[in-house]
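For reference, the chains in residue letters:
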Amino acid sequence: MSKTVEIQIEKSRNLIEGLRKHLNGIGGSVTNDEINGMELALHELEVINSEVERLRQELSPKVKHMNEVMDGVKASYIEKKRTLKGYYPQERWAEYGIPDKR
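Here the structure is a predicted model, which is why all the values come from computation and not from measurement. (Residues numbered from 1 in each chain as written. Predicted model: local features only at pLDDT ≥ 70, side-chain atom pairs only at ≥ 80, totals over all residues. Heavy atoms only, no water.)

(A) Region of interest: helix α2 (residues 32-87). With 56 residues, α2 should reach 82 Å at 1.5 Å per residue; the first-to-last C-alpha distance of 79 Å fits that figure. The sharpest bend along α2 reaches about 30° and sits at L59, with the proline P61 one to four residues further on. Buried within α2 are the following residues: I35, L42, N49, E53 and K81. Against the buried residues of α2 lie α1 (3-21). (Helix = DSSP H or I, 4+ residues; strand = E, 2+ residues; numbered from the N terminus. Expected span 1.5 Å × (residues − 1). Bend = angle between axes of the 7 residues up to and from the residue. Buried < 20%, exposed > 50% of the residue type's maximum accessible area, 1.4 Å probe, protein only. Contact = heavy atoms within 4.5 Å.)

This is the structure in structure tokens:
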């Protein structure tokens, strides 16, 4: 759970609890329906946050694997480009998809 969401959930729980305890003593227009609505929204946030955390746990290893593959692709690209640049004159680099122009 992200720290920001975790803090907001805790603060909201405490506020709802306090509002319920002192509903009659609150000056203003806080109603039981409003507190119930806030509680429903908080529950929805908790459910959505749980789903996001589950997705993050699935995504993290995939992102790590993608980055590893990307590093390999970059290294191969650099090696092949260096080889072609050393073997062919600059005028022919474009034939091989090398956009560099010293």
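Structure's up, so let's keep going.
(B) View of the pattern of salt bridges. Enumeration over the complete set of coordinates arrives at nine salt bridges. A salt bridge links E6 to K3, with the nearest nitrogen and oxygen atoms 3.7 Å apart. Here E6 and its partner K3 are both found in helix α1, three residues apart, which amounts to about one turn of the helix. Among the residues examined, E6 registers a relative accessible area of 34% and is labelled partly exposed. Exposure remark for K3: the relative accessible area of 55% places this residue in the exposed category. Note that E58 and R54 form a salt bridge whose closest N and O atoms lie 2.7 Å from each other. Note that E58 and R54 are positioned in helix α2 at a spacing of four residues, about one turn of the helix. Look at the salt bridges and you will find they share partners, linking E10, R13 and E46 into a network. (Salt bridge = Lys/Arg side-chain N within 4 Å of Asp/Glu carboxyl O.)

(C) Here's a closer look at a nonpolar patch on the surface. Together, L59, V63 and M66 line one region of the surface with nonpolar side chains, adding up to about 270 Å² of accessible area. Its location among the elements puts V63 in helix α2. For V63, a relative accessible area of 33% translates into the label partly exposed. (Patch = residues over 30% accessible without salt bridge, like charges linked within 9 Å, V, L, I, M, F, W, Y side chains within 5 Å. Areas by Shrake-Rupley, 256 points an atom, 1.4 Å probe, with all protein chains shown as cover.)

(D) Broad picture of the side chain of S12. Within the secondary structure, S12 is located in helix α1. For S12, a relative accessible area of 10% corresponds to the buried category.

(E) Looking closely at the packing of α1 against α2. Look at α1 against α2: their axes get within 10 Å of each other, and the N-to-C directions meet at 155°. Between α1 and α2, the angle is such that the two are roughly antiparallel. Between α1 and α2 lies a crossing whose hand is left-handed. In contact with V5, I9, S12, R13, L15, I16, L19 and R20 of α1, α2 contributes N32, I35, N36, M38, E39, L42, L45, E46 and N49. (Axes fitted to C-alpha atoms, helices over the stretch in contact; angles between N-to-C directions. Parallel < 35°, antiparallel > 145°, perpendicular 65-115°, else oblique. Left-handed = near helix turned anticlockwise from the far one by under 90°.)

(F) Layout of the nonpolar core. Counting residues in each nonpolar core, the largest one holds five residues, listed as I9, I16, L19, I35 and L42. In terms of residue count, the dominant contributor to this core is α1 (three residues). What I16 contacts, discounting residues up to four positions off in sequence, is I35, M38, E39 and L42. (Core = buried A, V, L, I, M, F, W, Y, C linked by side-chain atoms within 4.5 Å.)

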